[in-house]
Amino acid sequence: MTSVNLEQIIKNTIIQKAEPIGFDEFMNLALYYPTKGYYSGGRQKFGEQGDFITAPETSDLFGFCLARQCAQVLDGEDDVLEFGAGSGILAAQILFELGRLGKLPKTYYILELSAELQQRQKDTLNKTLPELMDRVVWLNTLPEHFSGVAIANEVLDAMPAKRLIYKAEGFKELGVDCQNDALVWQEKYPYSNDKMHLPVKIKQGYITEVNERTMAWIESLSEIMDKGLVLLIDYGMGRDEYFHPQRDAGTLRCYYQHKASENPFEHIGEQDITTSVNFSDIANQALRSGFAVTGYATQAMFLISLGIDSYLLVEKDEKKRANLAQQVKQLVLPSAMGESFKVLALTKDIQVKLQGFKEQDLSHKL
């Protein structure tokens with residue numbers, strides 16, 4: 001008996017409901033459907049052989065700098081919680097550097113829903129830091145209580161988002177329908193949600209996204225966090241830039257074998273689907289949920305504040321230093337990852353001037 005592919009499963013879901021599904025529901029099925037979704041299936045996602053390259057895959061220095069920021073907050077009794085740890089390389093980098101700094105957490109938790117990625121993370125950590133494996137614990141749900149540092153690197157952009165289109169009578173939700181055995185965009189009903197700020201003076205046909213699931217996630221994180229720091233690293237922007245009149249097709253992007261497109265209806269289950277993060281919405285929700293917003297900067301300025309260049313200075317081998325310099329460029333140059341990626345810091349019940357925002361803090365622009 002041949003197994004039904006994911007595209008057909010999604011079509012069947014729409015047919016059974018006899019109405020279009022929300023784009024957030026489509027995105028959730030395409031990315032997370034058991035064993036067939038992009039993140040729950042077995043294909044290579046990260047690195048040269050995958051569909052995109054993340055900052056930790058680019059250079060160990062990314063994780064080392066993050067570890068320096070963690071070290072400022074960790075007191076020996078605290079833990080680290082990483083969401084969606086990818087290949088496990090960031091966890092390895094952070095643990096290695098925290099060990100060097102004498103600031104290891106009691107436990108390094110990884111919340112990972114994909115069994116396939118959990119195994120990949122275990123393999124990575126077993127190979128690189130077997131002596132620290134007893135500190136690493138995998139979770140399927142949030143812990144009941146948490147103190148320490150929570151890290152989400154390129155997690156928010158993969159949370160299923162709603163897609164909206166502006167019409168004369170206001171915003172309507174763009175759903176996904178099945179017509180003539182093809183998946184197509186279809187307008188649903190008017191959209192309103194008091195927590196989501198939307199632009200008012202825009203032209204008809206303007207398309208954008210809102211991410212209600214991210215709001216709920218921030219709320220849940222605040223509920224379990226007794227004290228500590230949350231570091232959110234992702235590509236995105238503040239509200240003014242997010243809703244710029246020229247960004248009239250939204251921020252939806254799909255990645256398949258290092259090629260970007262805006263069509264989520266092809267390569268279903270085999271391509272990544274993302275939307276940019278609206279950091280103003282995140283900051284507002286964080287404040288409502290009991291966090292303080294304690295820093296917002298470009299990835300470049302965050303890494304520079306944490307002394308990424310100092311790793312070059314101590315490298316004596318010229319060839320290795322030249323290689324590191326290339327990696328640093330990829331992380332900090334505006335034409336690479338430096339400007340499009342931002343870092344937002346949220347804190348609860350801790351008083352500390354975070355080193356990562358020494359050179360730049362754009363919180364006031366949110």
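In the block above lies the structure referred to throughout.
The structure contained in this document is the topic of the report that follows.

## Let's talk about empty space enclosed by the protein
The gaps of empty space that remain are located by a probe, the size of a water molecule, rolled over the atoms.
Argument step 1. Taken as a whole and assessed by the stated rule, the structure comprises 1 cavity of 30 Å³ or more.
Argument step 2. In this structure, the largest cavity encloses a volume near 120 Å³.
Argument step 3. Residue lining of the largest cavity: 16 residues in total, with Asn 211, Thr 214, Ser 276, Val 277 and Asn 278 positioned closest to the centre.
Argument step 4. Broken down by secondary-structure element, the contributors of at least two residues to the lining of the largest cavity are strand E9 (207-210), helix H7 (212-224), strand E14 (277-278) and helix H9 (279-289).
Argument step 5. Among the residues forming the lining of the largest cavity, the class breakdown is 8 nonpolar, 5 polar and 3 charged.

## Thoughts on the layout of surface pockets
Argument step 1. The calculated volume of the largest pocket comes to roughly 1200 Å³.
Argument step 2. Contributing to the lining of the largest pocket are 50 residues, with Tyr 32, Tyr 39, Glu 154, Val 155 and Ala 158 lying nearest its centre.
Argument step 3. Looking at the lining of the largest pocket, the elements that each hand over two or more residues are helix H2 (23-32), helix H3 (55-58), strand E2 (79-83), helix H5 (89-100), H7, strand E10 (225-237), strand E11 (253-256) and strand E13 (272-274).
Argument step 4. Top element by residues in the lining of the largest pocket is H3. It accounts for 3 residues.
Argument step 5. Of the residues that constitute the lining of the largest pocket, the class distribution is 24 nonpolar, 17 polar and 9 charged.

## A look at unusual backbone geometry
Argument step 1. In the Ramachandran plot, Ala 18 falls in the positive-phi region, its phi being about 60 degrees despite a non-glycine side chain.
Argument step 2. With respect to the helices, strands and loops of the structure, Ala 18 is situated in the loop between helix H1 (6-17) and strand E1 (21-22).
Argument step 3. Backbone geometry places Asp 181, a non-glycine residue, at a positive phi of 60 degrees.
Argument step 4. With relative accessibility at 51%, the residue Asp 181 sits in the exposed group.

## Some thoughts on the packing of aromatic side chains
Argument step 1. Inspection of every chain in the model, using the stated rule, returns 14 aromatic pairs.
Argument step 2. Centroid distance Phe 26 to Phe 265: 5.3 Å. Interplanar angle 85 degrees. Geometry classified as edge-to-face. With a gap of 239 residues between them, Phe 26 in helix H2 and Phe 265 in the loop between strand E12 (259-261) and E13 connect regions that are remote in the sequence. Like Phe 265, Phe 26 is buried.
Argument step 3. Relative to Tyr 296, the ring of Phe 279 lies with its centre 5.5 Å away and its plane at 50 degrees, an arrangement referred to as tilted. Within this pair, whereas Phe 279 is found in helix H9, its partner Tyr 296 is found in strand E15 (residues 292-298), the two being separated by 17 residues in sequence.
Argument step 4. For Phe 279, a relative accessible area of 0% translates into the label buried.
Argument step 5. When its relative accessible area of 4% is taken as the criterion, Tyr 296 is described as buried.
Argument step 6. The structure contains a cluster of three or more aromatic residues connected by ring pairs, namely Phe 23, Phe 26, Trp 185 and Phe 265.
Argument step 7. We note Lys 348 situated over the ring of Phe 291; from NZ or CZ to the ring centre the distance is 5.5 Å.

## Thoughts on the sheet that holds E13
Argument step 1. As summarised here, the arrangement of the 3 strands in space is E12-E11-E13, forming an open sheet in which the pairing is antiparallel. Looking along the sheet, the strands with just one partner apiece sit at the ends: E12 and E13. Averaged over all neighbouring strand pairs, the angle between strand axes comes to 25 degrees, with direction disregarded.

## Topic: the pattern of salt bridges
Argument step 1. Counted under the stated rule, the structure contains 16 salt bridges.
Argument step 2. For Lys 227, the salt bridge identified is with Asp 78, shortest N-O distance 3.8 Å. Residue Lys 227 is found in strand E10, and its partner Asp 78 is found in the loop between helix H4 (60-71) and E2; the two are separated by 149 residues along the sequence.
Argument step 3. Residues participating in the shared-partner salt-bridge network are Asp 24, Lys 162, Glu 173 and Arg 213.

## Remarks on H7
Argument step 1. With 13 residues, H7 should reach 18 Å at 1.5 Å per residue; the first-to-last C-alpha distance of 19 Å fits that figure.
Argument step 2. Packed against the buried residues of H7 are E2, strand E5 (146-153), E10, H9 and strand E16 (341-348).
Argument step 3. Of the residues that open H7, the one with a side-chain oxygen 3.3 Å from the backbone nitrogen of Arg 213 is Asn 211.

## Here we look at the side chain of Asp 157
Argument step 1. With respect to the helices, strands and loops of the structure, Asp 157 is situated in the loop between E5 and strand E6 (162-167).
Argument step 2. Buried and without a salt bridge, Asp 157 has Arg 253 as its closest oppositely charged side chain, separated by 12 Å.
Argument step 3. Apart from the residues lying within four places of it in its own chain, the contact partners of Asp 157 are Met 27, Asp 234, Tyr 235, Ile 273, Thr 274, Thr 275 and Val 277.

## A few points about the packing of H5 against helix H6 (residues 115-128)
Argument step 1. Following both chains from N to C, one finds H5 and H6 inclined at 35 degrees, their axes separated by 9 Å at the closest point. Read as a crossing pair, H5 and H6 show a hand that is right-handed. Residues Ile 89, Ala 91, Ala 92 and Leu 95 of H5 pack against Thr 124, Leu 125 and Thr 128 of H6.

## So, the pairing of E6
Argument step 1. Burial runs high along E6: 5 of the 6 residues are buried.
Argument step 2. Two strands pair when backbone bridges link them, and E6 and E9 are joined in this way by 4 bridges, in the antiparallel orientation. Note on E9: the bridge partner recorded for Arg 163 is Glu 209.
Argument step 3. Note: E6 against strand E7 (residues 170-179), 5 bridges, orientation antiparallel. Bridge pairing in E7 links Ile 165 to Lys 172.
Argument step 4. Turn length for the E6-E7 hairpin, with the two strands adjacent in sequence and antiparallel, is 2 residues.

What counts, and at which threshold
Residues numbered from 1 in each chain as written. Predicted model: local features only at pLDDT ≥ 70, side-chain atom pairs only at ≥ 80, totals over all residues. Heavy atoms only, no water. 1 Å grid on protein atoms, 1.4 Å probe; cavity = no way out; pocket = protein on both sides within 12 Å on 5 of 7 lines; lining within 4 Å. Points joined across faces, edges and corners; volume = space filled by probe spheres on them. Helix = DSSP H or I, 4+ residues; strand = E, 2+ residues; numbered from the N terminus. Nonpolar A, V, L, I, M, F, W, Y, C, P; charged D, E, K, R; others polar. Buried < 20%, exposed > 50% of the residue type's maximum accessible area, 1.4 Å probe, protein only. Phe/Tyr/Trp six-rings, centres within 6.5 Å; stacked < 30°, edge-to-face > 60°. Lys NZ or Arg CZ within 6 Å of the ring centre and 35° of its normal. Pairing = 2+ DSSP bridges. Axes fitted to C-alpha atoms, helices over the stretch in contact; angles between N-to-C directions. Salt bridge = Lys/Arg side-chain N within 4 Å of Asp/Glu carboxyl O. Expected span 1.5 Å × (residues − 1). Contact = heavy atoms within 4.5 Å. Polar contact = N/O pair within 3.5 Å; in protein donor to acceptor, adjacent residues only side chain to side chain. Lys, Arg positive; Asp, Glu negative; His and termini not counted. Left-handed = near helix turned anticlockwise from the far one by under 90°.

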